[in-house]
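Chain by chain, the residues:
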Protein chains: 2
Amino acid sequence: MSSASVRIAVDCMGGDHGLSVTIPAVVLFARQYPDTHFLLAGNAEAIAQALATEGVQAASWYEILPASEVILMDDTVEVALRRKKNSSMRVAIQAVKDGRADACVSAGNTGALMAVSRYVLKTLDGIDRPAISTSIPNVKGGATTVLDLGANVDCTADHLLQFAIMGTALVAALDQRRQPTVGLLNIGEEVIKGNEVVKQAAELLRNSGLNFYGNVEGDDICKGTVDVIVCDGFVGNVVLKSIEGVARMVASMMRAEFTRDIFSMGAGIIARPVLNRFRDKVDNRRYNGAALLGLRGIVVKSHGSADAYAFGHALQRTREAVQNGLLAGTTQAIGHLRERMQAATVQPSDKTPA
Amino acid sequence: MSSASVRIAVDCMGGDHGLSVTIPAVVLFARQYPDTHFLLAGNAEAIAQALATEGVQAASWYEILPASEVILMDDTVEVALRRKKNSSMRVAIQAVKDGRADACVSAGNTGALMAVSRYVLKTLDGIDRPAISTSIPNVKGGATTVLDLGANVDCTADHLLQFAIMGTALVAALDQRRQPTVGLLNIGEEVIKGNEVVKQAAELLRNSGLNFYGNVEGDDICKGTVDVIVCDGFVGNVVLKSIEGVARMVASMMRAEFTRDIFSMGAGIIARPVLNRFRDKVDNRRYNGAALLGLRGIVVKSHGSADAYAFGHALQRTREAVQNGLLAGTTQAIGHLRERMQAATVQPSDKTPA
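Residues numbered from 1 in each chain as written. Chains lettered and ligands numbered in written order. Predicted model: local features only at pLDDT ≥ 70, side-chain atom pairs only at ≥ 80, totals over all residues. Heavy atoms only, no water.

Chemist: Sorry, what's going on with the interface of chain B and chain A here?
Modeler: The figure often quoted for interface size is the accessible area lost as the parts come together. Counting residues at the interface gives 62 residues for chain B and 62 residues for chain A. Where chain B abuts chain A, roughly 5600 Å² becomes buried across the two surfaces, and 72% of that area is made up of carbon and sulfur atoms. Note that Glu217(A) is salt-bridged to Lys241(B), the shortest N-O span being 2.5 Å. Inspection of the region where chain B meets chain A yields ten residue pairs in polar contact (both at pLDDT 80 or more). Looking at the side of chain B that touches chain A, the element that brings in the most residues is helix α9 (residues 233–258) of chain B, giving 19 residues. Its residues assigned to classes, the side of chain B that touches chain A shows 33 nonpolar, 16 polar and 13 charged. (Contact = heavy atoms within 4.5 Å. Buried area = accessible area lost by both parts, 1.4 Å probe. Salt bridge = Lys/Arg side-chain N within 4 Å of Asp/Glu carboxyl O. Polar contact = N/O pair within 3.5 Å; in protein donor to acceptor, adjacent residues only side chain to side chain. Helix = DSSP H or I, 4+ residues; strand = E, 2+ residues; numbered from the N terminus. Nonpolar A, V, L, I, M, F, W, Y, C, P; charged D, E, K, R; others polar.)

Chemist: How should the nonpolar core be read in this particular structure?
Modeler: The nonpolar side chains of a soluble globular protein tend to be buried, and buried together. Within the largest apolar cluster, 242 residues are counted, with the highest numbers of intra-cluster contacts made by Phe38(A), Leu40(A), Leu315(A), Phe38(B), Leu40(B) and Leu315(B). Beyond its immediate chain neighbours, meaning those up to four positions away, Leu40(A) contacts Val10(A), Cys12(A), Ile23(A), Val26(A), Ile47(A), Leu51(A), Tyr62(A), Glu63(A), Ile64(A) and Leu65(A). (Core = buried A, V, L, I, M, F, W, Y, C linked by side-chain atoms within 4.5 Å. Buried < 20%, exposed > 50% of the residue type's maximum accessible area, 1.4 Å probe, protein only.)

Chemist: Help me understand the pattern of salt bridges in this model?
Modeler: Pairing is possible between side chains of opposite charge, provided their charged atoms come close. On inspection of all chains with the given rule, the structure shows 26 salt bridges over all chains. The partner of Asp219(B) in a salt bridge is Arg248(A), with the nearest N and O atoms 3.3 Å apart. You can see Asp219(B) sitting in the loop between β8 (211–216) and α8 (220–223) and its partner Arg248(A) sitting in helix α9 (residues 233–258), one on each of two chains. Looking at Asp219(B), the relative accessible area reads 12%, which means it is buried. A salt bridge links Arg285(B) to Asp307(B); its shortest N-O distance comes to 2.6 Å. Of this pair, Arg285(B) sits in the loop between α11 (272–282) and β10 (290–293) while Asp307(B) sits in the loop between β11 (298–301) and α12 (308–323), placing them 22 residues apart in sequence. What makes Arg285(B) partly exposed here is its relative accessible area of 30%. For Asp307(B), a relative accessible area of 28% corresponds to the partly exposed category.

Chemist: Would you explain the state of the cysteines in this entry?
Modeler: In protein structure, a disulfide is the covalent linkage between the sulfur atoms of two cysteines. Enumeration over the complete set of coordinates arrives at zero disulfides over all chains. In this structure Cys155(A) is not part of a disulfide, and its nearest cysteine sulfur, from Cys231(A), lies 8.4 Å away. Overall, Cys155(A) belongs to the buried group, its relative accessible area being 11%. Unpaired in terms of disulfides, Cys104(B) finds its nearest cysteine sulfur in Cys12(B), a separation of 10 Å. Taking the relative accessible area as the measure of exposure, Cys104(B) reaches 0% and is therefore buried. (Disulfide = S-S within 2.5 Å.)

Chemist: What is the right way to read the sheet that holds strand β2 (residues 36–42) of chain B from this model?
Modeler: By way of backbone hydrogen bonds, the strands of a sheet pair with one another, either parallel or antiparallel. All names here are of chain B. With mixed pairing, the eleven strands of this open sheet are ordered in space as β3-β2-β1-β4-β11-β10-β5-β6-β9-β7-β8. Edge positions in the sheet fall to β3 (62–66) and β8, since each has one partner strand and no second. Taking each pair of neighbouring strands and ignoring which way they run, the sheet shows an average axis angle of 25°. Note that strand β7 (residues 181–185) and strand β9 (residues 228–230) share three bridges and pair parallel. Within β9, the position partnered with valine 182 by the bridge is valine 228. Across the face of the sheet, helix α5 (residues 110–121) comes into contact with β4 (103–106), β5 (131–137), β10 and β11 while running at roughly 175° to β11. Of the strands in this sheet, β1 (6–11), β2, β4, β5 and β11 touch α12, which is tilted by about 140° from β1. (Pairing = 2+ DSSP bridges. Axes fitted to C-alpha atoms, helices over the stretch in contact; angles between N-to-C directions.)

Chemist: Can you help me understand the relation of the copies chain B and chain A in this one?
Modeler: Note that the two copies of the chain are related through a rotation about an axis and a translation along the same axis. Mapping chain B onto chain A leaves a residual RMSD of 0.0 Å; the transformation is a rotation of 180° accompanied by 0.0 Å of translation along its axis. These values place the two chain copies in the arrangement generated by a two-fold rotation axis. Of the residues that chain B buries at the interface, 100% are likewise interface residues in chain A, meaning the two copies contact each other through the same surface. (Least-squares fit on C-alpha atoms with pLDDT ≥ 70 in both.)

Chemist: Can you walk me through helix α6 (residues 157–174) of chain B in this structure?
Modeler: The α-helix advances 3.6 residues per turn, and as a result positions three or four apart in sequence lie on the same side. Residue and element names in this part refer to chain B. For α6, built from 18 residues, the straight-helix expectation of 26 Å at 1.5 Å per residue is met to within 8% by its first-to-last C-alpha distance of 26 Å. Among the 18 residues that make up α6, 16 are buried, leaving the element largely enclosed by the rest of the structure. A positive phi of about 55° marks glutamine 176, the residue just after α6. (Expected span 1.5 Å × (residues − 1).)

Chemist: Before we go on, may I ask you to explain the packing of aromatic side chains in this structure?
Modeler: Two measures describe an aromatic ring pair: the distance that separates the ring centres and the angle between the ring planes. Tallying each qualifying case throughout the model produces eight aromatic pairs over all chains. Ring centres of Trp61(A) and Tyr62(A) lie 5.0 Å apart, and the angle between their planes is 65°; this geometry places the pair in the edge-to-face category. Trp61(A) gets classed as buried once you look at its relative accessible area, which sits at 16%. Taking the centre distance of 6.0 Å and the plane angle of 80° together, the rings of Phe29(B) and Phe38(B) count as edge-to-face. Since its relative accessible area comes to 3%, Phe29(B) is described here as buried. Classification of Phe38(B) as buried rests on a relative accessible area of 0%. Among the aromatic residues, those joined into a ring-pair cluster are Phe29(A), Tyr33(A), Phe38(A), Trp61(A) and Tyr62(A). Between Lys122(A) and the ring centre of Tyr119(A), over which it is positioned, the NZ or CZ distance is 4.9 Å. (Phe/Tyr/Trp six-rings, centres within 6.5 Å; stacked < 30°, edge-to-face > 60°. Lys NZ or Arg CZ within 6 Å of the ring centre and 35° of its normal.)

Chemist: Whenever I open this one, the sheet that holds strand β7 (residues 181–185) of chain A confuses me. Can you help?
Modeler: Residues and elements named next belong to chain A. Pairing is mixed across the open sheet formed by eleven strands, whose spatial order is β3-β2-β1-β4-β11-β10-β5-β6-β9-β7-β8. Each edge of the sheet is formed by a strand with only one pairing partner; in this case those strands are β3 (62–66) and β8 (211–216). The mean inter-strand angle of the sheet, taken between neighbouring strand axes irrespective of direction, is 25°. Contacting β1 (6–11) and β2 (36–42), helix α1 (residues 19–32) runs over the sheet at an angle of about 165° to β2.

Chemist: Even after reading the chapter, I still don't get the side chain of Gln162(B), so can you show me in this structure?
Modeler: Residues and elements named next belong to chain B. Within the secondary structure, glutamine 162 is located in helix α6. The buried category is assigned to glutamine 162, whose relative accessible area is 4%. Those residues in contact with glutamine 162 that sit more than four places away from it in its chain are Gly126, Ile127, Asp128 and Arg129.

Chemist: Mind showing me how you'd approach the environment of Glu78(A) here?
Modeler: All names here are of chain A. In this fold, glutamate 78 is placed in helix α3 (residues 77–83). On the basis of relative accessible area, glutamate 78 is assigned to the partly exposed category, the value being 46%. As a C-alpha pair, glutamate 78 and tyrosine 119 span 41 residues in sequence and 12 Å in three-dimensional space.

Following this line, the structure appears as structure tokens:
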């Protein structure tokens, strides 16, 4: 199927579960979207075997990209970059670089994925540092896109501006929104409002031409106050994990209450359809698939512990990002901003007294 | 009742609801704990009226501290400090300074409360900056103490160490734990593990004599991995508000599902006792009362939007902090650490080659 509309390279060996998750997810996805072409990177024999287990024989919708090594979840960036040059992760990313794939998906270790992607693909013009972004469900029934989630620990105001551009392009592509609103994560009423970097970033954002809403606070993530929230990678990472932690706690407390005694169990059985609907709504597997932004190619990171259902959602996001022209959108947005900023820099010099 | 075991000054006018929340909470508390002596700061007539509404006449368990001004929720620190020198908040704090009260509680604006407390009470020896701390429920059924929550935006490693000392003393006093474990909030597997300040803080904590567990991540807050988690005020504030936001979203989604149709409503009625138990467990009103730490006096901040039930919990925490010797405990902990650090500084110079 050479006229495939989307070609996705998959790091089949990555993540906590490797082939036992990636292959079933890919096979299911290929059945749902027969116009997707898959490039499966990893141990060729093991992949063929896993495909056979799923009832798949040789078929035109996939090809195998042999890779002799696997980057482990606790491998350092150095090991990933220098020692394992034939890893399934690297081979999948290389397929994007070579134009054989439109995008790549991996459930492998985030640090390694970012480093290898950056090394192989390079960043887009105008982007100093790539960022990691994900969507967090909000009370409005949509999702809030948050970045950075840990690729950049110490950020300048200009980096936060770049995150805003990349986040805007991502939401424009994935959610088909024309002018997504952007919020700057800050603290509220407390003693000192925000640190210096955040104050400067607000200034930059106000003059950026982006749809800048202003400062937002932690609770605005789930309120869905804006489409995109930018923050440095330290804050973003801690916030994301805190939110996941609360969600898990609430689910576990709920289970505990509904299994506490005979009466509660009975109530649980009666309320099950309602509870299941609720569970589906807060199921973060539906939001699996963090985008690595700012690179010359689309790379999506699945949760390391993702199951096939969650990995399928990462594939889904990848497909949408490609179909909706994420890369072109980001490049264009950066271009617009550059023109705007050049125009802005010319003006004051005109007014410089001779 | 001059032999009262705990004397609490209350800023009766503070918060979103002022007297209509503070007085009912105080009256109920005084009935439950008749050995508490209250100093009620605010508009004397209005307080007397509010007490009368609760069926309280002149009684020995309280006295009124007249204050002509009220610090509003959006007053700046400057207004609070310079313009409103006879505010109910300031009068309550002054009672602690003068030794008339053992502690003070306010639901007023956090920035003002911190600034006025610091100005009137001063910080303890060895503490550069006071911090704000609260408890967040965890899956173990206890609560994790987190600080700082917004008093200090840009922190040094030494500040984080001071937070750890203050948090340890707080948990030792409130939860009667001898050697609470301390975690340093950091990011995990991602590209760069932690920023420079956090790395240095880990080094200081390792040599502090505190029960340092090591780095923790966002999800460890609700996991209850450690008793105390330290972070800078920007991160702490964002995390706290994010967590509150998720909790509210989950509650609202649950309500929506249980009121969606006739069947769901029926299920909700049957499951109500279970759902109520669950709601009580995650009810953050039970954790109301953030401690301002590092001051020469105990100051507790109630949520501005607290109702009487929540405000009562803040009074409860205040009483426990006083009874369990929070101030002496903190002072002692700082003393120990100083000795230890002096000893540590002496050693290397002994080994200096001549």
